[in-house]
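Fold and contact review
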Amino acid sequence: MKLYTYHTPERTPANELPVCAIAIDVLRATSTISAALNSGAEAIQAFSDMDTLMKVSDKWAPELRLRGGERGGAKVAGCDLGNSPLDCTPEVVKGKRLFISTTNGTRTLQRVQDAKIVLAAALVNRQAIVDYVLSQEPETVWMVGSGWEGDYSLEDTVCAGAIADSIITKLGVPLAEVAGNDELVGSIALYRQWKDNLLDLFYLASHGQRLVRLECFADLKFCATPDTLNIVPIQTSVGVLQALSH
Ligand code: 3SL
């Protein structure tokens, strides 16, 4: 197995795909996707633009759909939800399809949507993702961060490092055997430096600071806490993620 970290979708090699692609947007799209599926949402359907989201979701029964839209961290007018994982309680999402568009995370999902296996990961479901990857033994795994409008983000890269660190520990192999690129080694180093202070790292991060300005303190804490949700969001058709059924 070779593991690769890419800080943003723009940094992935053009015209290539791995066997398994893991989209990461810890703050907050993939944390929200994990929380919604964990609370019993039927599926998540991701869109990079709001107009298409509205058109496609219009065809869905109103009582079985929710629209989630975020731009600049704030909820898009006309949507039921913004992008807070804490809003995705069973009372709100159970049995419904969440049609969602966010600034960066949904673009990452779109970039890797043609890979054989597409997963959405955050720190909250890190362990579930690791266990699933180990059960499949894919030859190549890309962990693709979302960043912010093309730029690097600490929180996505530390999550890639957390996943890789756990895979390497469980496989019991030297780093050199699985490291596919320099970014992978850097992401593990970042995780090892901050693993006991992830919330502090999130407060340092530029998008963390943006969310602090929006007073999303509880979201930051939730998203910085690893392994709280035993859920594997997996793409079942292009753009649609569902909970892996065991
Ligand atoms: O960029 C994204 O996709 C979002 O997750 C950003 S926010 O955390 O909702 O502001």
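The coordinates are above.
Report follows, based on the coordinates.

Procedures and definitions
Residues numbered from 1 in each chain as written. Predicted model: local features only at pLDDT ≥ 70, side-chain atom pairs only at ≥ 80, totals over all residues. Heavy atoms only, no water. Near = heavy atom within 4 Å. Polar contact = N/O pair within 3.5 Å; in protein donor to acceptor, adjacent residues only side chain to side chain. Areas by Shrake-Rupley, 256 points an atom, 1.4 Å probe, with all protein chains shown as cover. 1 Å grid on protein atoms, 1.4 Å probe; cavity = no way out; pocket = protein on both sides within 12 Å on 5 of 7 lines; lining within 4 Å. Sits in = over half its atoms within 2 Å of the grid points. Nonpolar A, V, L, I, M, F, W, Y, C, P; charged D, E, K, R; others polar. Phe/Tyr/Trp six-rings, centres within 6.5 Å; stacked < 30°, edge-to-face > 60°. Helix = DSSP H or I, 4+ residues; strand = E, 2+ residues; numbered from the N terminus. Buried < 20%, exposed > 50% of the residue type's maximum accessible area, 1.4 Å probe, protein only. Lys NZ or Arg CZ within 6 Å of the ring centre and 35° of its normal. Core = buried A, V, L, I, M, F, W, Y, C linked by side-chain atoms within 4.5 Å. Contact = heavy atoms within 4.5 Å. Points joined across faces, edges and corners; volume = space filled by probe spheres on them.

Some words on the site of the ligand
Taken together, 14 residues surround the ligand, and among them R28, N83, T102, N104 and G105 come closest. Contact between the ligand and R28: an oxygen atom at 2.6 Å from a main-chain N or O atom of the residue. Here an oxygen atom of the ligand and a side-chain polar atom of H207 are 2.8 Å apart. For the ligand, the accessible surface in isolation is 300 Å², of which the surrounding protein chains cover 100%. Placement of the ligand is best described as lying within the largest cavity. Looking at the shell around the ligand, its residues break down into four nonpolar, seven polar and three charged.

Focus on the packing of aromatic side chains
If you walk through the whole model with that rule in mind, you get four aromatic pairs. With a centroid separation of 5.1 Å and an interplanar angle of 70°, the aromatic rings of Y6 and W142 are classed as edge-to-face. With a gap of 136 residues between them, Y6 in strand β1 (residues 2–6) and W142 in strand β8 (residues 140–145) connect regions that are remote in the sequence. Given the relative accessible area of 8%, Y6 is considered buried. Judged by centre distance (5.7 Å) and plane angle (75°), the rings of W60 and F99 are edge-to-face. Residue W60 is located in the loop between α2 (50–58) and β4 (65–71), and its partner F99 is located in strand β6 (residues 97–101); the two are separated by 39 residues in the primary sequence. On the accessibility criterion, W60 (29% relative accessible area) is partly exposed. Put simply, the rings of Y4, Y6 and W142 touch in pairs and so form one group of aromatic residues. Sitting over the ring of W148, R210 keeps its end group 3.9 Å from the ring centre.

Some remarks on the nonpolar core
Counting residues in each nonpolar core, the largest one holds 42 residues, and the members touching the most others are L3, I22, I24, L119, M143, I163 and F202. Of all the secondary structure elements, the ones that give two or more residues to this core are β2 (20–24), β7 (117–121), α5 (126–136), β8, α6 (154–171), α8 (182–194), α9 (198–204) and α11 (217–223). Among all residues touching I163, those that are not within four sequence positions of it are I22, I24, A121, R126, I129, V130 and M143. Counting 28 residues, the second-largest nonpolar core is a separate cluster that includes A46, C88, A122 and V124.

Some points on unusual backbone geometry
Residue R28 is bonded to the preceding L27 through a cis peptide linkage, with omega at -5°. Among the secondary structure elements, R28 is positioned in the loop between β2 and α1 (29–38). The backbone of N15 shows a phi angle near 60°, a positive value even though the residue is not glycine. Exposure remark for N15: the relative accessible area of 80% places this residue in the exposed category.

Observations regarding empty space enclosed by the protein
The final tally for this structure, using the stated rule, is one cavity of 30 Å³ or more. Empty space within the largest cavity amounts to approximately 70 Å³. What lines the largest cavity is a set of 14 residues, and nearest its centre among them are L27, R28, E70, N83 and H207. Taken together, the residues that form the lining of the largest cavity break down as four nonpolar, seven polar and three charged.

Some words on the layout of surface pockets
Approximately 150 Å³ is the volume attributed to the largest pocket. Lining the largest pocket are Q45, A46, F47, S48, D49, T52, T106, L109, Q110, Q113, V238 and G239. Counting residues per element, the ones that place at least two in the lining of the largest pocket are β3 (43–46) and α4 (105–111). With three residues, α4 is the single largest residue contributor to the lining of the largest pocket. Residue composition of the lining of the largest pocket, grouped by class: four nonpolar, seven polar and one charged.

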